[in-house]
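Observations on the three-dimensional arrangement
Next come the chains, spelled out residue by residue.
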Amino acid sequence: LAAHEGALPFAFLGDDLLVGVLNPFNHLLVDKVESISGHRCHTYLVGSEDYDLALSRLRSLVAKT
């Protein structure tokens, strides 16, 4: 759900979740990701082309399993 809305978690830093986002000002989305994941999030702005590429690669990996 979060990926569809413009947030793509990509790593952990300790217990915190690192999340690439298309809109860093969408605080409701960050709150939603934190609520769903149970982790504090640190957001990083990503360009739409990079986001789409990462999401495509992730979907490809999931489809293989």
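Look a little higher up for the structure.
In this report, the structure presented in the accompanying data block is examined. Every chain is numbered independently, its residues counted from 1 as its sequence is written. Local features in this predicted model are restricted to residues whose pLDDT is 70 or higher, and side-chain atom pairs enter the listing and the counts only when it is 80 or higher, whereas totals over whole chains, interfaces and linings include all residues. Processing note: side-chain calculations cover all non-hydrogen atoms of the structure and skip hydrogens and water entirely.

1. Side note on the overall build of the chain
Under the DSSP-based scheme used, a helix requires at least four consecutive residues in state H or I and a strand at least two consecutive residues in state E, with every element numbered from the N terminus. In terms of regular secondary structure, the chain is built from three helices and three strands. In sequence order, the secondary structure elements of the chain are arranged as α-β-β-α-β-α. Looking at the chain residue by residue over its 65 residues, the buried ones come to 26%. The contact criterion used throughout is that any non-hydrogen atoms of two residues lie within 4.5 Å. Look at the contacts in the chain between residues 6 or more apart in sequence, and 49% of them connect residues 24 or more apart. Accessible surface is estimated by sampling points in the Shrake-Rupley manner with a 1.4 Å probe; for residues, cover comes only from the protein chains shown. Accessible surface for the chain amounts to roughly 4700 Å². Of this, 59% is attributable to carbon and sulfur atoms. In this tally Asp and Glu are treated as negative and Lys and Arg as positive; neither His nor the chain ends contributes. One atom stands in for each charge, and that atom is NZ of Lys, CZ of Arg, CG of Asp or CD of Glu. Taking the 5 positively charged and 8 negatively charged side chains of the chain as two groups, their mean positions are separated by 8 Å. Exposed residues in this analysis have more than 50% of their type's maximum accessible area, buried residues have under 20%, and partly exposed residues fall in between, with area computed by a 1.4 Å probe over protein chains only.

2. Focus: the nonpolar core
Counting eight residues, the largest nonpolar core is built from A7, L17, V19, V21, L29, V30, V33 and C41. Those elements that provide at least two residues to this core are β2 (16-21) and α2 (27-37). Note on terminology: a nonpolar core comprises buried Ala, Val, Leu, Ile, Met, Phe, Trp, Tyr and Cys residues joined through side-chain atoms within 4.5 Å.

3. Here we look at the environment of Y51
Its location among the elements puts Y51 in helix α3 (residues 48-64). Measuring from C-alpha to C-alpha, the distance between Y51 and G20 comes to 7.7 Å, with 31 residues separating the pair along the chain.

4. Topic: the sheet that holds strand β3 (residues 41-45)
By the convention used here, strands pair only if DSSP detects at least 2 bridges between them. Sheet architecture is open: three strands sit in the order β1-β2-β3, paired in mixed fashion. Sheet topology places β1 (7-13) and β3 at the edges, where each strand pairs with a single neighbour. Along the sheet, successive strands turn relative to each other by an average axial angle of 30°, direction set aside. Pairing between β1 and β2: six bridges, direction antiparallel. Axis definition: a line fitted to C-alpha atoms, limited for helices to the stretch in contact. Angles are taken between N-to-C directions and run from 0 to 180 degrees.

5. A closer look at the side chain of D16
Considering the arrangement of structural elements, one finds D16 in strand β2. Judged by relative accessible area, which is 19%, D16 ranks as buried. Under the rule applied, a polar contact is a pair of N or O atoms within 3.5 Å (in protein, one hydrogen donor and one hydrogen acceptor; residues adjacent in sequence only if both atoms are side-chain atoms). Of the polar contacts made by the side chain of D16, one reaches the side chain of H42; its length is 2.8 Å. Setting aside chain neighbours within four positions, we find D16 in contact with A11, R40 and H42.

6. Description of the packing of aromatic side chains
For Phe, Tyr and Trp, rings pair up if their centres lie within 6.5 Å, where Trp contributes its six-membered ring, and each pair is then called stacked (planes under 30 degrees apart), edge-to-face (over 60) or tilted (otherwise). Counted according to the given criterion, the structure contains one aromatic pair. Summarising the aromatic geometry, the rings of F10 and Y44 are spaced 5.9 Å apart at their centres and angled 65° between planes, so their arrangement reads as edge-to-face. Of this pair, F10 sits in strand β1 while Y44 sits in strand β3, placing them 34 residues apart in sequence. Take Y44: its relative accessible area is 40%, and that puts it in the partly exposed class.

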